[in-house]
Amino acid sequence: MEDILVIGTAVLMNNDEGHRLTGIIKGITSTEVIMDFNHPMADKELHFTGTIVSVRPATPDEIAHGHVHGDGGVHH
Ligand SMILES: [Zn+2]
């Protein structure tokens, strides 16, 4: 156990709802381990490029739901 208690090590943990979260060890004291559960890309400036492959009007269901259905959207 002690060999993973190194600053910068990523440790997989479960929260009280059973979700798995990866935390990075940020600090270690004699009684505490300080961990950062932010996503590694948090606070980074991200740039994306993409190509619009098609455009279509929203369906009445999509307008009512406020989100896209079908490929790349919500399926329900
Ligand atoms: Zn919907």
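Before reading further, recall that the structure is shown in the block above.
What comes next concerns the included structure. Here the residue numbering is sequential within each chain, running from 1 through the sequence in written order. Residues qualify for local features only when their pLDDT is at least 70, as the model is predicted, and side-chain atom pairs are given and counted only at 80 or more; totals for whole chains, interfaces and linings, by contrast, use all residues.

## Overview of the pairing of strand 1 (residues 10–14)
Definition in use: In this scheme the burial state of a residue depends on its C-beta neighbours within 10 Å: 20 or more other such atoms mean buried, 12 or fewer mean exposed, and anything in between means partly exposed; the C-beta positions come from the backbone. Under the DSSP-based scheme used, a helix requires at least four consecutive residues in state H or I and a strand at least two consecutive residues in state E, with every element numbered from the N terminus. DSSP bridges decide pairing: two strands pair if at least two such bridges lie between them.
Among the 5 residues that make up strand 1, 0 are buried, leaving the element largely open to the surroundings. In this sheet, strand 2 (residues 20–28) lies alongside strand 1 in antiparallel orientation, the contact comprising 5 bridges. From the neighbouring strand, Val11 faces strand 2, where its bridge partner is Gly23. From the end of strand 1 to the start of strand 2, which pair antiparallel, there are 5 residues, and Gly18 there has a positive phi angle of about 85 degrees.

## Details of the environment of Val11
This is how it is decided: Two residues qualify as a contact pair if the distance between their C-beta atoms, derived from the backbone, is within 7 Å.
Within the secondary structure layout, Val11 lies in strand 1. Classification of Val11 as partly exposed rests on a count of 14 C-beta atoms within 10 Å. Through-space distance from the C-alpha of Val11 to that of Val55 is 43 Å; in sequence the pair is 44 residues apart. If we skip the residues at most four places from it in the chain, Val11 touches Ile4, Gly23 and Ile25.

## Thoughts on the pairing of strand 3 (residues 33–36)
Of the strand pairs in this sheet, strand 2 and strand 3 are connected by 4 bridges, and their pairing is antiparallel. Along strand 3, the bridge assignment pairs Ile25 with Met35. Hairpin connection of strand 2 to strand 3: 4 residues between the antiparallel strands.

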